[in-house]
Amino acid sequence: MSGSLRVAALGPDNQALLRQLPGLFADAYPKGSLTPHVHEIQFWKNHIGQRLTSLAVIDHQRIVGHISLREDSLTGREIALSHFAIDPEYADSKDLISGLLANVVHAQVLKRKCS
């Protein structure tokens, strides 16, 4: 791992990064341990930017960590977290990657005045 880790929100227009998500989840979780939709690019294309806010930790254009945020559709006052993954090759940096994501999630909670 280098010192170039950054967090970015993924948008539906960033196809190069979106195409990496199925592979990240395939590497991070054994087959069958998650719902199969996370291994399909169409899931991410359909939901990122609409139902989900997708946050990725990126190292030199490679996604090495990910989490999704979704506002509660009834109240808009709560944020649900899902689709968490860390690239197994970055396991030694899992605390740093998790911390980077947690900081951005916390900022989003404050910005949206959610819990």
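See the structure shown above.
This is a predicted model, so every value here is computed, not measured.

Next up on the list: the pairing of strand E3 (residues 62–71). E3 sits mainly inside the fold: 7 of its 10 residues count as buried. By the bridge criterion, 7 bridges tie strand E2 (residues 53–59) to E3 in an arrangement that is antiparallel. Residue valine 57 lies in a different strand from E3, and its bridge partner there is glycine 65. As paired strands, E3 and strand E4 (residues 79–86) are joined by 6 bridges and run antiparallel to one another. In the sheet register, glutamate 71 faces E4, and the bridge partner there is isoleucine 79.

This model, assessed by the stated rule, comprises 3 aromatic pairs. The interplanar angle of 15 degrees and the centroid separation of 6.2 Å between the aromatic rings of phenylalanine 25 and tyrosine 29 together place this pair among those described as stacked. Exposure remark for phenylalanine 25: the relative accessible area of 1% places this residue in the buried category. By relative accessible area, tyrosine 29 is classed as partly exposed at 25%. Measuring from ring centre to ring centre gives 5.5 Å for phenylalanine 25 and tryptophan 44, while their planes differ by 25 degrees; the resulting arrangement is stacked. Of this pair, phenylalanine 25 sits in helix H2 (residues 21–28) while tryptophan 44 sits in helix H3 (residues 41–47); the two residues are 19 residues apart in sequence, bridging distant segments of the chain. Across this residue pair, the class does not change: phenylalanine 25 and tryptophan 44 are buried. Through successive ring pairs, a cluster of aromatic residues spans Phe25, Tyr29, Phe43 and Trp44.

What counts and what doesn't
- Residues numbered from 1 in each chain as written.
- Predicted model: local features only at pLDDT ≥ 70, side-chain atom pairs only at ≥ 80, totals over all residues.
- Heavy atoms only, no water.
- Buried < 20%, exposed > 50% of the residue type's maximum accessible area, 1.4 Å probe, protein only.
- Helix = DSSP H or I, 4+ residues; strand = E, 2+ residues; numbered from the N terminus.
- Pairing = 2+ DSSP bridges.
- Phe/Tyr/Trp six-rings, centres within 6.5 Å; stacked < 30°, edge-to-face > 60°.

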